[in-house]
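Notes for the structure review
Given next are the chains, with one letter for each unit.
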Amino acid sequence: MLRCAKNYRKPWVIFTTTSLIFLIGFIPVRLIFAQIQAPTPQAILALGGGLGREEFAASFAQQHPTLDIWVSSGQSRQIAKDIFQAANINRNRIHLDYRAIDTVTNFTSLVKEFGDRHIQHVYLITSDFHMRRAQAIAFFVFGSRGIITTPIPIPSNQPHETLWHVSRDIGRAILWIITGRTGASLHPQLGAAFPSSNL
């Protein structure tokens, strides 16, 4: 009986493993095409959660006046508005999105919007200690939809995040690719009433 159960599970394990390898292996191909089709970034994405990220994004946006800016779960709407207004950034360029509750959902909450807008290449702004994890997640979440990132790290004095944090969120990103879920639904802040909008 036990042998039959093992034999029954083996094809499912092989199928799942093969599908996962194919799926992950296909991401670099999509990113190569994205790089060819959009060699320069078409938008700016700043990840919230760190002091000074909006200020840096506003300064960076001044140097790239044709690009729209998305800020994912950063400082409050009024503070963000004041920062970008002080930098003379046109409010029509700014998109504040408060759906994300962590780094994985920074990407999963915006990937469809970028796809709908045919954005294939974005500048990715976050703190230098956070960039390795952000890029790893972006590789899977954005990469699975053919969106490439160009990292713009903000210098800090903080130590880089551990490989445990990186590998954990890679696992969550792969889970999202397979199931459409990140595991964030267990977080109490999910669904907080901060919809995506322009300033």
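Description of the structure in this document. Just so it is clear, the model here is predicted, and its values are computed rather than measured.

So, about a nonpolar patch on the surface. Nonpolar side chains collect at one region of the surface, where Phe26, Val29, Ile32, Phe33 and Ile36 lie side by side and expose about 500 Å² of accessible area between them. Counting through the fold element by element, Ile32 comes out in helix 1 (residues 2-37).

All right, on to unusual backbone geometry then. With phi around 50 degrees, Ser73 is a residue other than glycine that occupies positive phi space. Mapped onto the elements, Ser73 comes out in the loop between strand 2 (68-72) and helix 3 (77-86).

This part is about the side chain of Ser144. Looking at where Ser144 falls in the secondary structure, it is placed in the loop between helix 6 (128-141) and strand 5 (148-154). Of the residues examined, Ser144 reaches a relative accessible area of 10% and is grouped as buried. A distance of 2.8 Å separates a polar side-chain atom of Ser144 from the backbone oxygen of Val141. Among the polar contacts listed, one links the side chain of Ser144 to the side chain of Arg145, at a separation of 3.0 Å.

Per the counting criterion, the structure on display carries 9 salt bridges. Salt-bridge contacts for Glu113 lead to Arg99; the nearest nitrogen and oxygen are separated by 3.8 Å. With a gap of 14 residues between them, Glu113 in helix 5 (residues 111-116) and Arg99 in the loop between strand 3 (94-97) and helix 4 (103-108) connect regions that are remote in the sequence. Between Arg133 and Glu161 there is a salt bridge; the shortest N-O distance is 2.7 Å. Taken as a pair, Arg133 in helix 6 and Glu161 in the loop between strand 5 and helix 7 (163-179) lie far apart in primary sequence, 28 residues in all. Of the two residues, Arg133 and Glu161, neither departs from the other in class, the shared state being buried. Through salt bridges that share partners, Asp102, Arg133, Glu161, Arg168, Asp169 and Arg172 make up one connected network.

Structural remark: α-helix, 3.6 residues per turn; residues separated by three or four positions point the same way. Taken as a whole, helix 3 has its buried residues at Ala80, Ile83 and Phe84. The buried side chains of helix 3 occupy one side of the element, clustering within an arc of 90 degrees when seen end-on. Residues Gln85 and Ala86 are exposed on helix 3 and point more than 90 degrees away from its buried face. Positive phi appears at Asn88, one or two residues downstream of helix 3, with a value of about 60 degrees.

To continue, consider the pairing of strand 5. When strand 4 (residues 121-127) meets strand 5, the two strands line up parallel, connected through 7 bridges. In the strand pairing of strand 5, Ser127 is matched with Ile154. After leaving strand 4, the chain enters helix 6 and then returns to the sheet as strand 5, a path that is right-handed.

What follows concerns the nonpolar core. Judged by nonpolar contacts, the single largest core of 28 residues is most densely connected at Leu45, Trp70, Phe107, Phe114, Leu124, Val141 and Phe142. Counting only elements with at least two residues in this core, the list comes to helix 1, strand 1 (43-47), helix 4, helix 5, strand 4, helix 6 and helix 7. Broken down by element, the residue count for this core peaks at 6 residues, all from helix 6. Ignoring anything within four residues of it in the chain, the contact list for Phe142 reads Leu45, Phe107, Val111, Phe114, Val122, Ile137, Ile147 and Thr149. Counting residues in each nonpolar core, the second largest holds 21 residues, with Leu67, Phe84, Ala87 and Ile154 among its members.

It is at 9 Å that the axes of helix 6 and helix 7 come closest, and there the two elements cross at 20 degrees. Looking at the two axes, helix 6 sits roughly parallel to helix 7. Judged by the twist between their axes, the crossing of helix 6 over helix 7 is right-handed. Side by side, helix 6 and helix 7 meet where Arg132, Arg133, Ala136, Ile137, Phe140 and Val141 of the first sit next to Leu163, His165, Val166, Arg168, Asp169, Ile170, Ala173, Ile174, Trp176 and Ile177 of the second. When the residues that make up the contact of helix 6 with helix 7 are grouped by side-chain class, the tally is 11 nonpolar, 1 polar and 4 charged.

Quick notes on the rules
Residues numbered from 1 in each chain as written. Predicted model: local features only at pLDDT ≥ 70, side-chain atom pairs only at ≥ 80, totals over all residues. Heavy atoms only, no water. Patch = residues over 30% accessible without salt bridge, like charges linked within 9 Å, V, L, I, M, F, W, Y side chains within 5 Å. Areas by Shrake-Rupley, 256 points an atom, 1.4 Å probe, with all protein chains shown as cover. Salt bridge = Lys/Arg side-chain N within 4 Å of Asp/Glu carboxyl O. Helix = DSSP H or I, 4+ residues; strand = E, 2+ residues; numbered from the N terminus. Buried < 20%, exposed > 50% of the residue type's maximum accessible area, 1.4 Å probe, protein only. Polar contact = N/O pair within 3.5 Å; in protein donor to acceptor, adjacent residues only side chain to side chain. Arc of directions from axis to C-beta. Pairing = 2+ DSSP bridges. Right-handed = clockwise from strand over helix to strand, strands pointing away. Core = buried A, V, L, I, M, F, W, Y, C linked by side-chain atoms within 4.5 Å. Contact = heavy atoms within 4.5 Å. Axes fitted to C-alpha atoms, helices over the stretch in contact; angles between N-to-C directions. Parallel < 35°, antiparallel > 145°, perpendicular 65-115°, else oblique. Left-handed = near helix turned anticlockwise from the far one by under 90°. Nonpolar A, V, L, I, M, F, W, Y, C, P; charged D, E, K, R; others polar.

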